[in-house]
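# Summary of structural features
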Amino acid sequence: TVASRWRPYRATCVGPVESQTQDCQSAKQYYSFWSGHSSGAFTAAGLMCMHHAYLPLYGGGAAEPITCATSVAAAATVAYLRVAADQHFLTDVLVGAAVGTISGLAVPWVLHYRHGPPSRFPASPKKANQVDIRVAPGPLGVAVLGEF
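Residues numbered from 1 in each chain as written. Predicted model: local features only at pLDDT ≥ 70, side-chain atom pairs only at ≥ 80, totals over all residues. Heavy atoms only, no water.

## Details of the environment of Arg114
Structurally, Arg114 is set in the loop between helix H3 (90-113) and strand S1 (132-138). Note on Arg114: relative accessible area 46%, which makes it partly exposed. Of note is the side chain of Arg114, whose polar atom sits 3.4 Å from the backbone oxygen of Val110. Within polar-contact distance, the side chain of Arg114 engages the side chain of His115 at 3.3 Å. (Helix = DSSP H or I, 4+ residues; strand = E, 2+ residues; numbered from the N terminus. Buried < 20%, exposed > 50% of the residue type's maximum accessible area, 1.4 Å probe, protein only. Polar contact = N/O pair within 3.5 Å; in protein donor to acceptor, adjacent residues only side chain to side chain.)

Given below as structure tokens:
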């Protein structure tokens, strides 16, 4: 958690423990700020919007902005449901949505699209005896990939 803040249901954590209906005994009650669910949902929506803005993944046309709008609507639904479930305050989901949207739009732009849309053709064909070795992050650390 970034900052310790009571969840909205904390106000109902009164009386004997047996009568409490929420998780009032664990540290989870202090993990309200910011909403990780909203941040994750808006990161995914931002990623989808950025990729569909630069690549015709569904063939171009109206399908691309509809996909973006649908993903943003789904992320907004997640944020609304976090407030409706009494897990977050409105400010928690707004900050989570802002952080998620910025990261979802900025990361692909910085890594892939800042110089314009990608070329539709590769820079040069692969030569018959050329070896291409790459190092990439993997689930257990680093992976070495190669083409021979």
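## Thoughts on the packing of helix H1 (residues 36-54) against helix H2 (residues 63-84)
A packed helix pair is summarised by two numbers, namely the angle formed by the two axes and the spacing between the axes. Two elements in contact, H1 and H2, have axes whose closest approach is 9 Å; the angle formed by their N-to-C orientations is 175°. With respect to H2, the axis of H1 lies roughly antiparallel. Touching His37, Ser38, Ala41, Phe42, Ala45, Met48, Cys49 and His52 of H1 are Glu64, Thr67, Cys68, Ser71, Val72, Ala75, Ala76, Val78, Ala79 and Arg82, all from H2. Class assignment of the residues belonging to the contact of H1 with H2 gives a composition of eleven nonpolar, five polar and two charged. (Axes fitted to C-alpha atoms, helices over the stretch in contact; angles between N-to-C directions. Parallel < 35°, antiparallel > 145°, perpendicular 65-115°, else oblique. Contact = heavy atoms within 4.5 Å. Nonpolar A, V, L, I, M, F, W, Y, C, P; charged D, E, K, R; others polar.)

## A few points about the state of the cysteines
Disulfides are covalent bonds that link the sulfur atoms of two cysteine residues. Using the criterion set out here, one finds one disulfide in the structure. The residue that forms a disulfide with Cys49 is Cys68, at a sulfur-sulfur distance of 1.9 Å. Here the disulfide of Cys49 and Cys68 is right-handed, its torsion about the S-S bond being about 95°. A residue pair is termed long-range when its members are at least 10 positions apart, and Cys49 in helix H1 and Cys68 in helix H2 qualify at 19 residues. (Disulfide = S-S within 2.5 Å.)

## Things to note about H3
Over its 24 residues, H3 extends 33 Å from the first C-alpha to the last, a length consistent with the 34 Å expected when each residue adds 1.5 Å. Within H3, the full set of buried residues consists of Asp92, Val93, Gly96, Ala97, Gly100, Gly104, Pro108 and Tyr113. Buried positions along H3 lie against H1 and H2. (Expected span 1.5 Å × (residues − 1).)

## Details of a nonpolar patch on the surface
On the surface, Val131, Ile133, Val135, Val142 and Val144 cluster together into a nonpolar patch covering about 510 Å² of accessible area. Those elements giving two or more residues to the nonpolar patch turn out to be S1 and strand S2 (141-147). Positionally, Val131 belongs in the loop between H3 and S1. (Patch = residues over 30% accessible without salt bridge, like charges linked within 9 Å, V, L, I, M, F, W, Y side chains within 5 Å. Areas by Shrake-Rupley, 256 points an atom, 1.4 Å probe, with all protein chains shown as cover. Salt bridge = Lys/Arg side-chain N within 4 Å of Asp/Glu carboxyl O.)

## Considering the side chain of Glu64
Along the polypeptide, Glu64 turns up in helix H2. With near-sequence residues (within four places) excluded, Glu64 lies in contact with His52, Leu55, Pro56, Leu57, Tyr58 and Gly59.

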